[in-house]
Amino acid sequence: MDQSVYKKMRLKEHIVGKYINAPKDYINMAHQQTYINFEEENPIFYHVFVYSVHDYIEQMEKIIKLLKPETKLWISYQKKKKYEDQDMNRDKTFEFKDRLNLIPYANVSLDDTWSCIGLKLINEGEGT
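So, a few notes on the structure that sits alongside this text. (Residues numbered from 1 in each chain as written. Predicted model: local features only at pLDDT ≥ 70, side-chain atom pairs only at ≥ 80, totals over all residues. Heavy atoms only, no water.)

## A few points about the pairing of strand E4 (residues 102–109)
As judged from the seven bridges shared by E4 and strand E5 (residues 114–121), these two strands associate in the antiparallel manner. Residue pairing across strands places Val108 opposite Cys116, the latter belonging to E5. The loop that links E4 with its antiparallel partner E5 comprises four residues. (Pairing = 2+ DSSP bridges. Helix = DSSP H or I, 4+ residues; strand = E, 2+ residues; numbered from the N terminus.)

## Thoughts on the environment of Met1
Looking at the element boundaries, Met1 is found in the segment before helix H1 (4–8). Along the sequence, Met1 and Tyr19 sit 18 residues apart, while their C-alpha atoms lie 15 Å from each other. For Met1, the contacting residues outside a window of four places in its chain are Asp25, Tyr26, Met29, Leu110, Asp111 and Trp114. (Contact = heavy atoms within 4.5 Å.)

## Quick word on the pairing of strand E3 (residues 72–78)
The buried fraction of E3 amounts to five of the seven residues, a majority that puts the element mostly inside the structure. By the bridge criterion, six bridges tie strand E2 (residues 45–50) to E3 in an arrangement that is parallel. For Tyr46, the partnering residue across the bridge sits in E3 and is Leu73. Taken together, E2, helix H3 (residues 53–63) and E3 form a β-α-β motif whose crossover is right-handed. Direction of pairing for E3 relative to E5: antiparallel, over a ladder of six bridges. Directly across from Trp74, in E5, lies its bridge partner Gly118. (Buried < 20%, exposed > 50% of the residue type's maximum accessible area, 1.4 Å probe, protein only. Right-handed = clockwise from strand over helix to strand, strands pointing away.)

Purely geometric stuff here, so don't read any function into it on its own.
Printed below as a string of structure tokens:
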């Protein structure tokens, strides 16, 4: 896990960001990298880690109030292991798009454990 993931997310260098619910490895990387500014207030990039569908809905219902059209929202969920049944995956973001008014637009890999999905607010006439 390194700061190159932010380039994959198509984020501008020095954008003000905030991470939520992040694992220790990500927090350590975030403190060592220089690409995203996690120190300032008023972020326009949010990276939210979710561990289940329930967690996804709960986190999105909280954060949606903070989103503006220019906000970059990325969620990360754990990739499926061969014999594990993870209830969160990319398709779940489509299932809840109408309820949350968010639609996925990009997908990247954070590392061997985490996948990332870029989400944006649905504009009128979009996502139907």
